[in-house]
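Read off the chains here:
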Amino acid sequence: MKDFINRIGLPRFIIIIFLIFLMALAIYLNIPLSDVITDILVRFGMNAILVLAMVPGIQAGIGMNFNLPLGIICGLIGALISIEFKLSGFTGLFVSILIALPLAAIGGYLYGKMLNSVKGQEMTVGNYVGYSIVSFMCIFWLLAPFKSPELIWAYGGNGLRVTVSLESSTSHVLNNFLAFKIGKVTVPTGLLLFFAIFAFLVWIYSQSNKGLSMIVAGSNAKFALSNGIDVDKQRIKGTVFSTVLAAIGIIVYSQSFGFLQLYNAPLYSAMPAAAAILIGGASLKRATIVHVLIGTILFQSLLVVALPVINVIAEGTMSEVIRVIVSNGIILYALTREGGSAA
Amino acid sequence: MIVPIIFLIICIAGSFFTGLPFSFLFDEMVIRLARNLILVTSLILPVITGLGLNFAITLGAMAGQIALIIITNYSIGGTTGFFLSILISTPFAILFGYLVGRVLNKAKGKEMITSMVLGFFANGIYQFVFLLLCGTLIPVKNESLLLSNGVGIINTIDLANIKYALDRLIPVTKYPIATLLVSLLVFLFLHFFLKTKLGQDMRAVGHDMEIARVSGINVDKTRIISVIISTVLAAWGQIIFLQNIGTINTYGSHEQVGLFAVASLLVGGATVERASWKEALIGTFLFHLLFVISPLAGQNLLGNAQIGEYFRVFVAYGVIGLSLVLHAWEKNKARTRLREIKE
Amino acid sequence: MDLLQIKDISKSYEENRVLKNVSLSIKEGEIHGLVGENGAGKSTLMNILFGMPVIHSTGGYEGEMLIDGKPYKPTTPEDAMAAGIGMVHQEFMLIPGFTITENIKLNREKTLPTFLSKIFGNRLEKLDTEAMAKDAREALKKLDMDIDEYVPVAGLPVGHMQFIEIAREIDKSKLRLLILDEPTAVLTESEADKFLEVIKKLSQMGIAILFISHRLDEIKQITDSITVLRDGEVVANVKTDEIDVKEIARLMVGRKVELSKKEDEDRGIKDENILEIKDLRVNMPGEEVKGLSLTVKKGEILGIGGLAGQGKLGIANGIMGLYETSGSIVKDGKELHLNNPREALKSSIAFLSEDRRGVGLLLDDSIEFNIAFSSLEIQDNFLKQVGPLKLIDKKKVREHANRMIEELDIRCTGPKQRARALSGGNQQKVCIARALSLNPDLLLVSEPTRGIDIGAKKLVLDTLVKLNRERGVTVIITSSELGELRQVSDRIAIIYDGKVAGILPPDASDEEFGLLMAGEDLKKVVN
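## Concerning the interface of chain B and chain C
Working step 1: Taken together, the contact pairs 25 residues of chain B with 30 residues of chain C.
Working step 2: Together, the buried faces of chain B and chain C total about 2,600 Å²; carbon and sulfur atoms form 60% of this surface.
Working step 3: Counting across the chain B and chain C interface gives three salt bridges.
Working step 4: Among the ionic pairs, Glu-102 of chain C bridges to Arg-203 of chain B, the shortest N-O distance being 2.6 Å.
Working step 5: In this structure, the connection of chain B to chain C is made through 11 residue pairs in polar contact (both at pLDDT 80 or more).
Working step 6: Counting only elements with at least two residues in the side of chain B that touches chain C, the list comes to α7 (177-193), α8 (197-207), α9 (209-214) and α10 (219-245) of chain B.
Working step 7: Partitioning the side of chain B that touches chain C into residue classes produces 11 nonpolar, six polar and eight charged.

Below, the structure is given as structure tokens:
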């Protein structure tokens, strides 16, 4: 038993036990499992790319990229512009991504440069740089020269809406693509496929000579240096990939959610992604696709199952409380473990 | 000294555009100084002890709120209520501070990000206790404190009973003389404290943990004591803050405490490694002056009050982000600066 | 009666015996010199004497110590201090932001009771700054130091810092024995002279001094008696005026290994230089190279020796471009780009770092990945083209690793095992395998046997010799262990103060090695 716990790690063990307990409770309370499973699939698909964005950062040695909001904002800008031009469906989705990509690449590059001058403090700095960018963008959202009635307040207010509905543009384009039903469970095929593509890209890259240089630079900078690797360049590369994935991630997330959330919404977006990958078994120095898969499934299942169960037995906001405790708890656990030296 | 000067210029220019009469600004600033100074001061000791900015003073604020909820539950008001809440909050704050100190000792070198996540985590626990346990496991006598279904504490608690309990303790002039006196006492205490053996030990630990340890100072214990004092001051600070405001936002009042206090201290010219009562005083003044004038300045300059509001949030995050970047950058520079080869 | 007696002290770190039955005794007011090569056991002895935690966390020591004839068993530095033993470490234990007074009185501050201290205990007593300053002044005065005690330590000359360290020790109320670890290493000549005078004065005040130094003339000049340690054993314990510098040098180095290897084979070393180094400067902290010139012949094994801190480790690190370097390095007639590890590797130079676990290995990766990575990164080996990407060819990596594991006899559970789980010797072999995968013609090896148990040491050295003989790889081996250099090298360069002090054949006398290492001018001493 002790061996088993050691192998899968104490936090995962607790979360799995808790999840099993919630599942049992759900069945006992006659909550329809098909709805729960459908929800898990959707929430997995919509969050997984954001979690995936953590991988190149950790691999390149910048630790958890708490500056995910940077990429997210680039993604939001892409989506807003595509709506401004009244694009919808897959065109809208791909144009959003195409616009977001260069923005995220430039943003990631500059941010990577900055991280190279604050080695050892990446997470603390990243976190507050992220917050600063989000709050700065709040002013931008107020002043941005968008005209589409979808985007701005119908009357009265200034600037962009707090939430922009995607109903008439890209809402659910991926979720509905090739979606099918098994019994009462709906499988969002497009959404899962889309994630699979990016997961495959990240995986194949990590098998290539370029990717290996990056991973080696992240896991032991001195070793990398003595093997002729330009460590700073690799770190920038990881930061750029992470930022780009975050931009794509939020576009995918939003089409599934049905809304773009502006202003303060991206503020805490890095926390759940960081928590998910840590739950999956990643450390501050090592992360793989497997960690993304396991972590996202466990974390999202927990939230999905907890919601209806707690709605029956307690106050509705409890699901949110559990999210806060679990996600911050796991990050705290990772931070206080020996070894993960980057902060 | 450059940071406070820049802020002073921004504030002077801004107040020019607000068109607010000087007397109004003066009154407003006196009130704000009185209610915020102790919270900001609570950050000083951890900086001196080398823990950086203690974002976990959120836990101190929680201890203060717990005490206020308890006295409201028993409907104890007035001066008695105020001092009783100070008394009740102290053991909670000591316990929380001890726990925070223990955790931070396990995360040496990344205390700041850890203290921040710890704040979020504690917030989850806090919500769990007050949303789910109050009214169920924890009996609440005063039913007006409970949500309509009898479980959980209401979102906004009226503190009419102890409003201005300290501010108007010495009822000369319209200013909160007693509160200012208490702040002065805390400053004096801090001044005295830094000249004691324990204060000297904290300085030594802050300068160099290793040398302090070799010299026989119990580093971990000294750090814990520093965090405990910080947490206790934060608890008292939060009570004093709330007796001025007059209501508690049960699930929100403590959240921004760490952010605004830290930003205030940094605006005053403090750094991650150096802080004193001067920076606390100057910073609190400048930061809150900015707070008061920025919505109006935004309204008058750009025709939008919201811009000013977002601007001050941006300033809070931005100043923290910037000072963390500068700090990490300098540390990095010092580490890689090439030593001259001696002939 | 002797102030301190050390009787039959032995100490092992795991399998590694670092002290064997060491005995010495020191009288009141005596200046006792302690000399020995790096790794002779000096630091371990000091750590035992000073009650450092590292001793007790590794199983304590055997033997006994007596102070004034009474048993002395320190388990913490505080015990040592209470017994009147003070120590000045090689690295200064000073807080730069504190004033001189604050540093001298660190954690021994004078305090006055206050109202709060009566409630919360004596840590809330107020500092008595005046009394502290007075103490500091007195201690400084004993050292003939005329300096304002309110000045912060940061920015003071190193010489001053050394005196402040000593002032702190003599301020401890009953200092009886002061341990000085290489105190003059950081001082200029005039500072050192003044320093030695002060030491003499302290001894006249009745304080015994244990003086550790590599500067043999200093030892000779100042001490009353000398203990020479070699390989953890006392090889001499004599009055200073009964021994000369040459003899000390000889004793210090000793003849540790039987030089049985001289089979007088035709080494076939060509008269062709593979490497020409001119005016090399390397900014490696603690191991600076300061204008060194050296040529290496094709096919030879060149040993580089010298004491720690003299710069021998900087040479290989500089050639590889790992620390900032200037000067000129010519490899096979071509100028090597400096400060560029990739260029060095591409010029068929491979490097085994002295920091095996930090620089040499990816501890959490598999053995096979460790072995293959350098070649994969630099030479694009072990890759297969898939579309636009070059992917790692796991089959080739595995085959290569299996071959290497067999060839070098790496003891492991298989190529998938993590490098961390291996013993030191096998980790070193993994490093060698990684270097070999690059097919280098010049191999730089730093401290190849550090932290490796005795049996494995020989295997590692044999492997290096085999590489040299069978593959014709030129080897530059840098080591603190003169014995192993003499065992494998064709020539040995001794580094002192960042330059080559001299190049000796492996069968040169112990004195010659000892004197070169101590920075003595061979001719001057001999005459």
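So much for the structure itself; the text now carries on.
## Section: the domain arrangement of chain A
Working step 1: Split into domains, chain A comes out as domain 1 (1-24 + 290-336) and domain 2 (61-268).
Working step 2: Here domain 1 of chain A and domain 2 of chain A have C-alpha centroids that lie 25 Å from each other.

## Here's the deal with the nonpolar core
Working step 1: Counting 214 residues, the largest nonpolar core has Met-64, Trp-141, Ile-277 and Ile-331 of chain A together with Ile-320 of chain B as the members making the most contacts within it.
Working step 2: A per-element tally of this core places α10 of chain B first, with 12 residues.
Working step 3: Looking at this core, you find at least three residues from each of domain 1 (1-24 + 290-336) and domain 2 (61-268) of chain A.
Working step 4: Dropping the residues within four chain positions of it, Ile-331 of chain A is found in contact with Phe-66, Met-271, Ala-274, Ala-275 and Leu-278 of chain A together with Val-117 of chain B.
Working step 5: Ranked by size, the runner-up nonpolar core spans 74 residues in total, among them Ile-319, Leu-361, Ile-432 and Ala-493 of chain C.

## What to know about the side chain of Ser-183 of chain B
Working step 1: With respect to the secondary-structure elements, Ser-183 of chain B resides in helix α7.
Working step 2: With residues near it in sequence (within four places) discarded, Ser-183 of chain B still touches Ala-34, Leu-37 and Ile-38 of chain B.

## Some details on the packing of helix α10 (residues 209-219) of chain A against helix α12 (residues 231-257) of chain A
Residues and elements named next belong to chain A.
Working step 1: With their axes 9 Å apart at the nearest point, α10 and α12 run at an angle of 105° to one another. What the angle tells us is that α10 and α12 run roughly perpendicular. On α12, the residues touching Lys-210, Ser-213, Met-214 and Ala-217 of α10 are Val-231, Gln-234, Lys-237, Gly-238 and Phe-241.

## Topic: the sheet that holds strand β13 (residues 273-282) of chain C
Residues and elements named next belong to chain C.
Working step 1: Strand order in the open sheet formed by four strands is β14-β13-β16-β17, with antiparallel pairing between adjacent strands. Of all the strands in the sheet, just β14 (289-297) and β17 (334-335) have a single pairing partner and so form its edges.
Working step 2: With two bridges joining them, strand β16 (residues 325-331) and β17 adopt antiparallel strand pairing. If you follow Val-330 over to β17, its bridge partner there is Glu-335.
Working step 3: The strands that helix α11 (residues 312-319) touches are β13, β14 and β16; relative to β13, the one it contacts most, it runs at about 110°.

The rules behind each value
Residues numbered from 1 in each chain as written. Chains lettered and ligands numbered in written order. Predicted model: local features only at pLDDT ≥ 70, side-chain atom pairs only at ≥ 80, totals over all residues. Heavy atoms only, no water. Contact = heavy atoms within 4.5 Å. Buried area = accessible area lost by both parts, 1.4 Å probe. Salt bridge = Lys/Arg side-chain N within 4 Å of Asp/Glu carboxyl O. Polar contact = N/O pair within 3.5 Å; in protein donor to acceptor, adjacent residues only side chain to side chain. Helix = DSSP H or I, 4+ residues; strand = E, 2+ residues; numbered from the N terminus. Nonpolar A, V, L, I, M, F, W, Y, C, P; charged D, E, K, R; others polar. Domains from an automatic or database assignment. Core = buried A, V, L, I, M, F, W, Y, C linked by side-chain atoms within 4.5 Å. Buried < 20%, exposed > 50% of the residue type's maximum accessible area, 1.4 Å probe, protein only. Axes fitted to C-alpha atoms, helices over the stretch in contact; angles between N-to-C directions. Parallel < 35°, antiparallel > 145°, perpendicular 65-115°, else oblique. Pairing = 2+ DSSP bridges.

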